[in-house]
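Observations on the three-dimensional arrangement
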Amino acid sequence: MKCEQVVIPEFGTAEVLSLQQIEIPEPKAGEVLVKVAFASVNPIDVKTRAGLGWAAAENKDKLPWTPGYDISGKVVSLASDCSRLSAGDEVAGFIGFPLRGGGYSQYICVPESELTRVPNSVTLEAAAALPLAGQTAAQAVNKAQVKEGERVLILAGAGGVGHIAVQIAIAAKAEVYTTCSEKNLDYLATLGAHAINYHFAPVSERLQDVDVLIDLVGGDAALDALKCLRDEARVITVPTITAELICDKAKLLGFQASGMLVQPDIEQLDTLLYMVGVGLLKTEIQHIYPYTQVTEAHLQLETGRTRGKVLLDMQC
Ligand SMILES: NC(=O)c1ccc[n+]([C@@H]2O[C@H](COP(=O)([O-])OP(=O)(O)OC[C@H]3O[C@@H](n4cnc5c(N)ncnc54)[C@H](OP(=O)(O)O)[C@@H]3O)[C@@H](O)[C@H]2O)c1
């Protein structure tokens with residue numbers, strides 16, 4: 001039986017994304033065949049498709065290549081040595097990161113170790129939104145060692161990573177400030193953050209005495225945000241492309257600073273799913289595109305204005 005997957009046949013604009021028919025794969029030792037319900041779209045997918053960054057460099061000789069690190073769906077079958085999951089289980093995973101990818105597929109074989117069960121109380125849409133962005137948010141907040149009562153500034157609180165980071169920092173009882181456009185002020189206020197419109201004036205003119213900066217924008221916005229920090233503040237800068245620049249400047253100013261690269265962690269994904277299940281965390285999904293409209297999904301991400309996440313519906 002055949003199914004479809006999205007491929008990057010050559011690096012380029014969103015229009016290069018194409019569909020390819022493949023035989024539904026058979027799970028090899030240690031693998032599970034998943035019928036994918038939803039795959040989420042992350043900025044790294046867009047950069048890789050454009051031929052930018054290390055994932056593109058590593059995969060340039062493997063085109064056509066299927067992007068996608070976040071999936072949710074249902075287990076169809078398993079190799080005989082798999083014992084943790086069963087056929088019919090609803091699962092989610094942060095899969096094949098960073099080199100294998102493959103999530104934009106209707107069916108995919110994945111190591112059982114990369115998957116976790118989705119609780120009944122969590123939708124498959126929310127489960128697909130969480131893995132890469134949710135774990136980046138959780139790992140950034142953990143790495144910054146955010147503590148109760150601290151003043152935390154999160155740049156780009158409305159984005160895929162930001163809206164989860166804001167909620168995790170608030171759950172840690174921090175006083176959270178975040179930057180966004182006017183249209184997201186109310187949304188971020190409802191999450192419990194003090195939202196600051198960065199188009200109105202640089203954040204450094206509006207905020208002082210910040211203990212922790214979680215930078216999800218990089219470049220000039222991050223350099224400006226360093227002016228908001230108190231002595232010995234901590235900085236975590238997440239966009240890899242400007243991380244060195246921001247860390248060097250932050251250290252010159254006497255702050256502790258580091259970049260980060262998200263690591264898949266199945267127990268952390270379980271915790272995030274649990275938090276969604278009990279209502280401690282809400283995923284925001286701006287739009288779900290049928291996978292046949294993957295070009296539109298990438299164009300949406302390229303606007304840089306997505307609130308929460310964009311998903312691909314891999315079932316239609
Ligand atoms: N190092 C890692 O392991 C790692 C992992 C994940 C992500 N990342 C990187 O982290 C960054 C954020 O990822 P993401 O998935 O959250 O991206 P995203 O969902 O595409 O971010 C979109 C959001 O960015 C906001 N934004 C854009 N420019 C802004 C500015 N100057 N100030 C404040 N907000 C701004 C927009 O808010 P408004 O519409 O309100 O302006 C929009 O909501 C990306 O660069 C991504 O590549 C790195």
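Keep in mind that what you see is a predicted model, and the values were worked out from it rather than measured. (Residues numbered from 1 in each chain as written. Predicted model: local features only at pLDDT ≥ 70, side-chain atom pairs only at ≥ 80, totals over all residues. Heavy atoms only, no water.)

Here helix H4 (residues 131-143) is 13 residues long and its end C-alpha atoms lie 17 Å apart, about the 18 Å a rise of 1.5 Å per residue gives. Counted residue by residue, H4 has 11 buried out of 13 residues, so it is predominantly covered. Turning to H4, its buried residues number three or more, namely Pro131, Leu132, Ala133, Gly134, Gln135, Thr136, Ala137, Ala138, Gln139, Ala140 and Val141. (Helix = DSSP H or I, 4+ residues; strand = E, 2+ residues; numbered from the N terminus. Expected span 1.5 Å × (residues − 1). Buried < 20%, exposed > 50% of the residue type's maximum accessible area, 1.4 Å probe, protein only.)

On the basis of which strands lie adjacent, the open sheet formed by 6 strands has the order E10-E9-E8-E11-E12-E13 and parallel pairing. Bordering the open sheet on either side are strand E10 (194-197) and strand E13 (256-259), each of which pairs with just one other strand. Going from strand to strand, the sheet's axes swing by 20 degrees on average, the running direction of each strand aside. Judged from the 5 bridges that link them, strand E11 (residues 210-215) and strand E12 (residues 229-237) form a sheet pairing that is parallel. Bridging from a neighbouring strand, Leu213 pairs with Val235 of E12. Of the strands in this sheet, strand E8 (151-154) and strand E9 (175-180) are in contact with helix H5 (residues 162-171), which crosses E9 at around 165 degrees. (Pairing = 2+ DSSP bridges. Axes fitted to C-alpha atoms, helices over the stretch in contact; angles between N-to-C directions. Contact = heavy atoms within 4.5 Å.)

Let us now look at the layout of surface pockets. By volume, the largest pocket amounts to about 1500 Å³. Looking at the lining of the largest pocket, the elements that each hand over two or more residues are helix H1 (43-49), helix H2 (53-59), H4, E9, helix H7 (219-225) and helix H10 (294-302). If you tally residues by element for the lining of the largest pocket, the top one is H1, at 5 residues. Partitioned by chemical class, the residues of the lining of the largest pocket number 29 nonpolar, 15 polar and 6 charged. Two domains each provide a minimum of three residues to the lining of the largest pocket, namely domain 1 (2-130 + 283-313) and domain 2 (133-259). The space that makes up the second largest pocket amounts to roughly 320 Å³. As for the second largest pocket, its lining consists of 16 residues, of which Gln5, Arg100, Gly102, Ile108 and Cys109 are closest to the centre. Looking at the lining of the second largest pocket, the elements with two or more residues in it are strand E2 (18-23) and strand E6 (107-111). No other element matches the 3 residues that E6 contributes to the lining of the second largest pocket. Looking at the lining of the second largest pocket residue by residue, the class counts come to 7 nonpolar, 5 polar and 4 charged. (1 Å grid on protein atoms, 1.4 Å probe; cavity = no way out; pocket = protein on both sides within 12 Å on 5 of 7 lines; lining within 4 Å. Points joined across faces, edges and corners; volume = space filled by probe spheres on them. Nonpolar A, V, L, I, M, F, W, Y, C, P; charged D, E, K, R; others polar. Domains from an automatic or database assignment.)

This next bit is on the pairing of E8. Bridge count between E8 and E9: 4 bridges; the pairing is parallel. Directly across from Arg151, in E9, lies its bridge partner Glu175. Where E8 meets E11, 3 bridges bridge the pair, whose relative direction is parallel. By the bridge assignment for E11, Ile154 is matched with Ile214.

The subject of this paragraph is the site of the ligand. By nearness alone, 26 residues border the ligand, and Lys47, Ser181, Tyr198, Met260 and Thr306 come closest of all. Between the ligand and the protein, one listed contact pairs an oxygen atom with a backbone N or O atom of Gly159 at 3.4 Å. Note that an oxygen atom of the ligand is positioned 2.9 Å from one of the backbone N or O atoms of Val161. Protein coverage of the free-state accessible area of the ligand, which is 940 Å², stands at 87%. Placement of the ligand is best described as lying within the largest pocket. Sorting the residues of the shell around the ligand by element identifies H1, H4 and E9 as the ones contributing at least two each. Residue composition of the shell around the ligand, grouped by class: 14 nonpolar, 9 polar and 3 charged. (Near = heavy atom within 4 Å. Polar contact = N/O pair within 3.5 Å; in protein donor to acceptor, adjacent residues only side chain to side chain. Areas by Shrake-Rupley, 256 points an atom, 1.4 Å probe, with all protein chains shown as cover. Sits in = over half its atoms within 2 Å of the grid points.)

Note on aromatic pairs: each is described by the distance of the centres and the angle between the planes. Taken as a whole, this structure holds 3 aromatic pairs when the rule is applied. An angle of 80 degrees between the planes, with centres 5.0 Å apart, marks the rings of Tyr69 and Phe97 as edge-to-face. Of this pair, Tyr69 sits in the loop between H2 and strand E4 (70-78) while Phe97 sits in the loop between strand E5 (90-94) and E6, placing them 28 residues apart in sequence. Each of the two residues, Tyr69 as well as Phe97, counts as buried. A centroid spacing of 5.0 Å and a plane angle of 45 degrees characterise the contact between Phe94 and Phe97, whose relative ring orientation is tilted. No difference in accessibility class separates Phe94 from Phe97, as the two residues are buried. What links up through ring pairs into an aromatic cluster is the set Trp54, Tyr69, Phe94 and Phe97. (Phe/Tyr/Trp six-rings, centres within 6.5 Å; stacked < 30°, edge-to-face > 60°.)

When the domains of the chain are assigned, the result is domain 1 (2-130 + 283-313) and domain 2 (133-259). If you average the C-alpha positions of domain 1 and of domain 2, the two centres end up 28 Å apart. Listed as interface residues are 11 residues of domain 1 and, on the opposing side, 13 residues of domain 2. The largest per-residue losses of area from domain 1 upon contact with domain 2 belong to Leu130, Arg305 and Arg307, which jointly make up 49% of the total buried on that side. Counting across the interface, domain 1 meets domain 2 through 0 salt bridges. Here domain 1 and domain 2 share 8 residue pairs in polar contact (both at pLDDT 80 or more) between them. (Buried area = accessible area lost by both parts, 1.4 Å probe. Salt bridge = Lys/Arg side-chain N within 4 Å of Asp/Glu carboxyl O.)

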